[in-house]
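Architecture at a glance
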Amino acid sequence: MKEGLEDLTPKQIVEQLDTYIIGQKKAKRSVAVALRNRTRRLKLPEDIREEIAPKNILMIGPTGVGKTEIARRLAKLCGAPFIKVEATKYTEVGYVGRDVESMVRDLMAVGYNMVKAEMQEQLKAAAGEKVEEDLLDLLLPGSGKKHKKSAKEPKSEGGGFMLPFNIFGSPVSQEKESEPETSEKRGGVQLTDSSAETAGTEGEAAPDVSGEKDGSMSATREKFRTMLREGKLEGREIEITVQKKQRMPSMEIIAGGSPEDMESVMQNISSMLNGSRTKKRSVTVAEARQILLEEHLDRMTDPDKAADAARERVEQMGIIFIDEIDKIAVEGHGNGANVSREGVQRDILPIVEGSSVNTKYGVVDTTHILFIAAGAFNLSKPSDLIPELQGRFPLRVELDSLNAEDFERILTEPKNALTRQYTELLATEDVHIVFKPEAITRMSTLAADTNSRMENIGARRLHTIMETLLEELSFSADEHTGETIEITGEYVDERLKDIVQNQDLSKYIL
């Protein structure tokens, strides 16, 4: 869970949503209370905690009023595992398509990646030190004797067996270790020839020269370390050998997974049979640092510990947003495709009620996962859902249709307002546009009027109007470089006069 999420009050959650979504206070309040109750429940004693079931929410409203946008912003706001799925993707068991249990497996994958990223963030400092030593070994071959000695003996580190190879795939030869390594044999960066000259002129002082040579190598390594930390070597090309890791094939398909995972399973089995593969790559120091950092972090992260923590987080704080649930609602009993739709409802029911789902990270209990469903219900009614499924969504929130005032606020108030988007887009070509208040009012009125006469597509109507309004200017932006263009009410009427007269935007609906 994100730091500070448990400190967010419902009012603060609503304020965060208000930054991007206009209106819909009822829906925002319901979502904020549901999210807050998740953290409240975790503070209770275990015997009471297990008895408190999540109050799932069903959001009802026409398209384009903010149902999906609330889910998107909620996902960014909360640090809990969150996934948005489309109800139309799933089919009844026995039909070709995705089974509904895959939504839980997808949520578990999101939770695992979230926990793994948090664990690796804590290990970055330790891994960074190892990466620095590896880069110095690449830049100055033979200078890191301590690391080579430790690489001679196979040992277990971080729970994995390490072969007597260095991290770049090259075998460590004891014979080469025992030989004094000259600058020619190293084949890397030319360091210094002073030690070699000294050895040639003073044969009797050979043992002392070896010490001087080691000292010179150590001093040069420290110089390169300083340059590396100052970023002076970022663009230097080096060659590394990347070894493809072998992973055990996923047995999820046997444990209840879906057939779409068969391809990845077969690829994993094929890679195991073919053995490990290495590939030499010529990259810059900056690129090598990132590659080595990922390798070290993967080696240092305990996958079992991450899976256990992720499973706990998914079961206690997971949220699944099921969109377009009205598309699987069936009036009465039908046949053909309707049978599959009703079957999807029956398959969703045990997951929402609470069941155990097999995933490759372990068995996940869905009893305390919060489900938020949404649908327009323009061709069907919530009562067309099977009664048991209706009962699992006790909180119903109706989202209001948007009017001209809402459209005006949508065009100006949110951080990602459409007027700001088009202003920034054209500013990249040094064309500056200024929207006058009367122009925004005129566009809002036109959008509301058109929605009332034709299909109500909500705020998406503003996309249609804005694109049509600025189509000519966007097409010929290069001819207006350096200009400042004001978008006035007259400009709006001039550009949209044909559409206003016909009152028909059907051909412009995106």
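The rules behind each value
- Residues numbered from 1 in each chain as written.
- Predicted model: local features only at pLDDT ≥ 70, side-chain atom pairs only at ≥ 80, totals over all residues.
- Heavy atoms only, no water.
- Helix = DSSP H or I, 4+ residues; strand = E, 2+ residues; numbered from the N terminus.
- Buried < 20%, exposed > 50% of the residue type's maximum accessible area, 1.4 Å probe, protein only.
- Contact = heavy atoms within 4.5 Å.
- Axes fitted to C-alpha atoms, helices over the stretch in contact; angles between N-to-C directions.
- Parallel < 35°, antiparallel > 145°, perpendicular 65-115°, else oblique.
- Left-handed = near helix turned anticlockwise from the far one by under 90°.
- Nonpolar A, V, L, I, M, F, W, Y, C, P; charged D, E, K, R; others polar.
- pLDDT = per-residue confidence, 0-100.
- Salt bridge = Lys/Arg side-chain N within 4 Å of Asp/Glu carboxyl O.
- Pairing = 2+ DSSP bridges.
- Core = buried A, V, L, I, M, F, W, Y, C linked by side-chain atoms within 4.5 Å.
- Patch = residues over 30% accessible without salt bridge, like charges linked within 9 Å, V, L, I, M, F, W, Y side chains within 5 Å.
- Areas by Shrake-Rupley, 256 points an atom, 1.4 Å probe, with all protein chains shown as cover.
- Lys, Arg positive; Asp, Glu negative; His and termini not counted.
- Charge placed at Lys NZ, Arg CZ, Asp CG, Glu CD.
- Phe/Tyr/Trp six-rings, centres within 6.5 Å; stacked < 30°, edge-to-face > 60°.
- Lys NZ or Arg CZ within 6 Å of the ring centre and 35° of its normal.
- Polar contact = N/O pair within 3.5 Å; in protein donor to acceptor, adjacent residues only side chain to side chain.

1. Side note on the overall build of the chain
Within the chain, the secondary structure is distributed over 22 helices and 13 strands. Out of the 510 residues in the chain, the part that is buried amounts to 41%. Excluding contacts between residues fewer than 6 apart, the proportion of contacts in the chain whose partners are at least 24 apart in sequence is 78%.

2. A closer look at the packing of helix α1 (residues 10-18) against helix α4 (residues 67-77)
Between α1 and α4, the shortest axis-to-axis distance is 10 Å and the interhelical angle comes to 120°. The angle between α1 and α4 places the two elements in the oblique class. The handedness of the crossing between α1 and α4 is right-handed. Residues Ile-13, Gln-16 and Leu-17 of α1 lie in contact with α4, whose contacting residues are Ile-70, Arg-73, Leu-74 and Leu-77. Broken down by class, the residue content of the contact of α1 with α4 amounts to 5 nonpolar, 1 polar and 1 charged.

3. Regarding the confidence of the model for the chain
In low-pLDDT regions, the fine details of the predicted coordinates are not to be read closely. Per-residue pLDDT for the chain averages 78, and the proportion of residues at 70 or more is 74%. This model gives residues 172-209 a pLDDT under 50, and the stretch forms 37 contacts once residues within four places in sequence are excluded.

4. Re the pattern of salt bridges
Applying the stated rule across the entire model yields 27 salt bridges. Across the salt bridge formed by Glu-118 and Arg-313, the nearest N and O atoms sit 3.0 Å from each other. Here Arg-313 lies in helix α13 (residues 303-317) and Glu-118 lies in helix α5 (residues 102-139), a separation of 195 residues in the sequence. Taking the relative accessible area as the measure of exposure, Glu-118 reaches 34% and is therefore partly exposed. Residue class for Arg-313 comes out buried when judged on its relative accessible area of 17%.

5. Re the pairing of strand β13 (residues 484-487)
Side chains Ile-485 and Ile-487 project from β13 onto a buried face, and the interleaved Thr-484 and Glu-486 project onto a face without burial. Two strands pair when backbone bridges link them, and strand β12 (residues 432-435) and β13 are joined in this way by 4 bridges, in the parallel orientation. Bridge pairing links Val-434 to Glu-486 in β13.

6. Some points on the nonpolar core
Grouped together as the largest cluster of nonpolar side chains are 58 residues, with contacts concentrated most on Met-59, Ile-433, Phe-435, Met-443, Leu-470 and Ile-487. A total of 6 residues in this core trace back to one element, the largest contributor, which is helix α18 (residues 437-453). By size, the runner-up hydrophobic cluster in this structure holds 39 residues, among which are Tyr-90, Ile-320, Val-352 and Tyr-361.

7. Section: the sheet that holds strand β11 (residues 395-398)
Taken in spatial order, the 5 strands of this open sheet run β2-β7-β10-β1-β11, and their pairing is parallel. Edge strands, defined here as strands with exactly one partner in the open sheet, are β2 (82-86) and β11. Strand-to-strand twist of the sheet, defined as the mean angle between neighbouring strand axes without regard to direction, takes the value 20°. Where strand β1 (residues 57-60) lies against strand β10 (residues 370-375), 4 bridges are found, and the strand directions are parallel. When the sheet's bridge partners are listed, Met-59 is paired in β10 with Ala-374. The sheet strands contacting helix α2 (residues 25-42) are β1, β7 (319-323), β10 and β11, and the helix crosses β1 at an angle near 165°. The sheet strands contacting α5 are β2, β7 and β10, and the helix crosses β2 at an angle near 150°.

8. Section: the environment of Leu-58
In this structure, Leu-58 sits in strand β1. Residue Leu-58 is classed as buried on the basis of its relative accessible area, which comes to 3%. On a C-alpha basis, the gap between Leu-58 and Ile-372 in space is 6.0 Å, while along the polypeptide they are 314 residues apart. Beyond its immediate stretch of four places on either side in the chain, Leu-58 contacts Ile-325, Ala-373, Ala-374, Phe-377, Pro-382, Phe-393, Leu-395, Arg-396 and Val-397.

9. Quick look at the environment of Leu-139
Looking at where Leu-139 falls in the secondary structure, it is placed in helix α5. Through-space distance from the C-alpha of Leu-139 to that of Glu-239 is 9.5 Å; in sequence the pair is 100 residues apart.

10. Comments concerning a negative patch on the surface
On the surface, a cluster of negative charge is made up of Glu-429, Glu-467, Glu-471, Glu-472, Asp-478 and Glu-479. Mapping Glu-471 onto the fold places it in helix α20 (residues 471-475). The class of Glu-471 is exposed, set by a relative accessible area of 52%.

11. Some thoughts on the packing of helix α16 (residues 404-412) against helix α17 (residues 418-427)
Packed helix pairs are specified by the crossing angle of their axes together with the interaxial distance, meaning the distance between the axes. For the pair α16 and α17, the least separation of the axes is 5 Å and the interaxial angle reads 35°. Listed contacts from α17 to Ile-410, Leu-411 and Thr-412 of α16 are Leu-418, Thr-419 and Arg-420. In terms of residue class, the contact of α16 with α17 is built from 3 nonpolar, 2 polar and 1 charged.

12. Topic: the packing of aromatic side chains
Remark: the centre distance and the inter-plane angle together describe each pair of aromatic rings, the angle taken between the planes. In this structure the tally under the stated criterion is 1 aromatic pair. Seen from their ring centres, Tyr-112 and Tyr-361 are 4.4 Å apart, and the 20° between their planes marks the pair as stacked. Taken as a pair, Tyr-112 in helix α5 and Tyr-361 in the loop between β8 (356-359) and β9 (362-365) lie far apart in primary sequence, 249 residues in all. A relative accessible area of 10% places Tyr-112 in the buried class. We note Arg-73 situated over the ring of Tyr-20; from NZ or CZ to the ring centre the distance is 3.9 Å.

13. Remarks on α4
For α4, every residue scored as buried is listed here: Lys-67, Glu-69, Ile-70, Ala-71, Arg-73, Leu-74 and Leu-77. The elements touched by buried residues of α4 are α1, α2, β1, β2, β7 and β10.

14. Notes on a nonpolar patch on the surface
Residues Leu-44, Ile-48 and Ile-52 make up a contiguous nonpolar surface patch of roughly 200 Å² in combined accessible area. Its location among the elements puts Leu-44 in the loop between α2 and α3 (46-49).

15. Thoughts on the side chain of Ser-380
By secondary structure assignment, the location of Ser-380 is in the loop between β10 and α15 (387-391). Within the local environment of Ser-380, its side chain forms a polar contact with the backbone oxygen of Asp-326, the two atoms lying 3.3 Å apart. Once residues lying within four places of it in the same chain are set aside, the contact partners of Ser-380 are Asp-326 and Ala-329.

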